[in-house]
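Remarks on the overall topology
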Amino acid sequence: MKFAGSLKIFTLSAFLTTCFVGNAFSAVEYTLHKSENPTEDELDAYQRITTVMDSAVYLYNKYTNLSKYINVYYAPGVPTAEASSNGDLRFGKERSYMFVGTAMHEMAHTMGMGTTSEYKAMMDGGVFKGEKAQALLKEIDGPEAELHGDSQHFWPYGLNYASEVKSEQDLINHARIVDAMYQDIFKEAFYMQGRIKSLGETFKCMGITSSNALELMDCSDTATFVKIFSMGDNPVTYRIQLGTRVVDIPNESTAAGVQASTYGYNGGAHQKYLLEDAMVNTPNAFRLKNYKSGLYLQSVGTTVVQNPKGSGDDFIWQLIEATEVADTSVADTSKQDTSKTDIAARQIMKSQQLRLPTRTFDLKGRQVREQALSRARGTILFKKKP
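What comes next is a walk through the structure.

Rules used throughout
Residues numbered from 1 in each chain as written. Predicted model: local features only at pLDDT ≥ 70, side-chain atom pairs only at ≥ 80, totals over all residues. Heavy atoms only, no water. Helix = DSSP H or I, 4+ residues; strand = E, 2+ residues; numbered from the N terminus. Polar contact = N/O pair within 3.5 Å; in protein donor to acceptor, adjacent residues only side chain to side chain. Contact = heavy atoms within 4.5 Å. Disulfide = S-S within 2.5 Å. Buried < 20%, exposed > 50% of the residue type's maximum accessible area, 1.4 Å probe, protein only. Core = buried A, V, L, I, M, F, W, Y, C linked by side-chain atoms within 4.5 Å. Pairing = 2+ DSSP bridges. Axes fitted to C-alpha atoms, helices over the stretch in contact; angles between N-to-C directions.

**Quick look at the side chain of Gln271**
Note that Gln271 resides in the loop between strand E17 (261-263) and strand E18 (273-277). One polar contact links the side chain of Gln271 to the main-chain carbonyl oxygen of Gly264, over a distance of 3.1 Å. When near neighbours in sequence (up to four residues on either side) are disregarded, Gln271 contacts Tyr238, Arg239, Val246, Val247, Asp248, Tyr263, Gly264, Tyr265 and Asn266.

Shown next as structure tokens:
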């Protein structure tokens, strides 16, 4: 989907704002694919694209719960910029489009805005039908505000034109609106956080290694902390997030015996699971069925493998809630003989993990002087374009 509108010359004064690290488990990531022997033109483009994408991804991760793995390319043949729901995003040769607003606009397309049938189904007479997004817009702009759109774009805060970006708040509002629209369209919601423990022989938990492998490890390891999000309503599926990656079946394989791994979330059915009640006396015990392959996750040694459904405990996983990464008080709960509980009734609010500001950016995504860090949080600074 191409960026709408004309950006022949970017004339907005650049603004500066102090940036903060937000949700430690936000999961929008990107890779900029580069030539092995880049030209001077490519080197310049890569530098510009990296700075604007770093800023755009930062804002999405701070102000949303969205997850997406985005493949970014420099494609001189593209007139402006374009993106699709499969996660591909391309910047063309025109440097004026290498701008944070453009990057965030195209990232919205990778999230399905204007690029999926589900998005189009939510438009009725040019009005978006989602309750969450409409309510949020009214909170931002007042009770008379209404979210509009067509088959490709939405407004306000769609960042369809450079003139829409007058301050950092416009970028923040864009991210928040996209997050709410995504929840309306795809019915995604935070489900729980904690750990996923195998009830097989080892009673170990799913965790992510330093090399991003999926491994069963001691549940006291902070690398075993997961967040689970529900998606859809018929059926409800779940993605299991470890850090910024999700439990993934490599190459979307439907074959038995394939070892599960982790990868950036791209919305594929191979990264979603159905929770089937294990019907045992352990609370919150489930079998995890891969939505694409129809196979079940099984603990095998320190690995997790997809296989046809078995009757053994190595196919049963306990979901154990914890309020934070360091909460490891889960070791013995799998052996308790208690009645089953409804885990959905005990959903907990997402906890934000913040740290002090570390850098600042302008609209082009350029890092600015460290002196700005002494400014008050949330202050918008302006400087003349050089």
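Picking up after the structure, the text goes on.
**Comments concerning the state of the cysteines**
As enumerated under the stated definition, the model contains 1 disulfide in all. There is a disulfide in this structure between Cys205 and Cys219, and the S-S distance comes to 2.0 Å. Residues Cys205 and Cys219 are joined through a disulfide that is right-handed, its torsion about the S-S bond being 95°. Here the residue Cys205 occupies a position in strand E11 (residues 205-208), and Cys219 occupies one in the loop between strand E12 (214-217) and strand E13 (226-231), the gap between them amounting to 14 residues. Residues Cys205 and Cys219 agree in their burial class; the two are buried.

**Overview of the nonpolar core**
Met53, Phe91, Met113 and Met181 are the most contacted members of the largest nonpolar core, which totals 57 residues. For this core, the secondary-structure elements that each account for two or more residues are strand E2 (27-33), helix H1 (40-63), strand E3 (67-74), strand E4 (81-83), strand E5 (88-91), helix H2 (100-110), helix H4 (131-141) and helix H5 (168-186). Setting aside residues no more than four positions away along its own chain, Met113 makes contact with Ala108, Tyr119, Gln152, Phe154, Val178, Met181, Tyr182, Ile185 and Phe186. In this structure, Met192, Met217, Ile249 and Trp317 belong to the second largest nonpolar core, which totals 25 residues.

**Quick notes on the sheet that holds E3**
Within a beta sheet, neighbouring strands are joined by backbone hydrogen bonds and run either parallel or antiparallel to one another. Pairing is mixed across the open sheet formed by 4 strands, whose spatial order is E2-E3-E5-E4. Looking at which strands have only one partner, the edges of the open sheet turn out to be E2 and E4. Sheet twist, expressed as the average angle between the axes of neighbouring strands with direction ignored, equals 20°. Bridging between E2 and E3 involves 7 bridges; their strand directions are parallel. Counterpart to Leu32 in the pairing with E3 is Val72. Strands in contact with H1 are E2, E3 and E5; relative to E2, the strand with the most contacts, it is inclined by about 175°.

**Re the pairing of strand E22 (residues 317-321)**
Of all the 5 residues making up E22, 4 are buried; the element is thus mostly covered by neighbouring parts of the structure. Bridge count between strand E10 (residues 189-198) and E22: 5 bridges; the pairing is antiparallel. Across the sheet, Ser198 pairs through a bridge with Trp317, a residue of E22. Two elements, strand E19 (residues 285-290) and E22, share 2 bridges in a ladder whose sense is antiparallel. The residue of E22 that forms the bridge with Ala285 is Gln318.

Just distances and angles here, no functional claims.
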